[in-house]
Amino acid sequence: MKVNISGMEEKNGKKSQAIIEVIDFGPLKITGNFLLKDLQRNKEESPAEVNLCRCGKSGNKPYCDESHKK
Ligand code: FES
């Protein structure tokens, strides 16, 4: 499922700031307006899109490096 960021879903009168999408046998894909903090909480990023590993195989955690496909 692909979601257009400008078409954020509105539910109960509240507009989403980010969409978290569970990819089948893959990462969590997050798109939208959000803040990503590192483990020490001293670095922040505001990427428009990120894929976070949920299989545990990535060599670049917390990001997905496509190792789940191997
Ligand atoms: S989900 Fe892609 S490497 Fe883990």
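Residues numbered from 1 in each chain as written. Predicted model: local features only at pLDDT ≥ 70, side-chain atom pairs only at ≥ 80, totals over all residues. Heavy atoms only, no water.

(A) Up close: the pattern of salt bridges. Counted under the stated rule, the structure contains 2 salt bridges. As a salt-bridge pair, K37 and E44 come within 3.7 Å of each other at their nearest N and O atoms. Across the pair E66 and K69 runs a salt bridge whose closest N-O atoms are separated by 2.6 Å. Exposure remark for K69: the relative accessible area of 60% places this residue in the exposed category. (Salt bridge = Lys/Arg side-chain N within 4 Å of Asp/Glu carboxyl O. Buried < 20%, exposed > 50% of the residue type's maximum accessible area, 1.4 Å probe, protein only.)

(B) Representation of the environment of V50. Relative to the elements of secondary structure, V50 occurs in strand β7 (residues 49-52). Between the C-alpha atoms of V50 and I30, which are 20 residues apart in sequence, the distance is 5.3 Å. Setting aside chain neighbours within four positions, we find V50 in contact with L28, K29, I30, F34, L36 and Y63. (Helix = DSSP H or I, 4+ residues; strand = E, 2+ residues; numbered from the N terminus. Contact = heavy atoms within 4.5 Å.)

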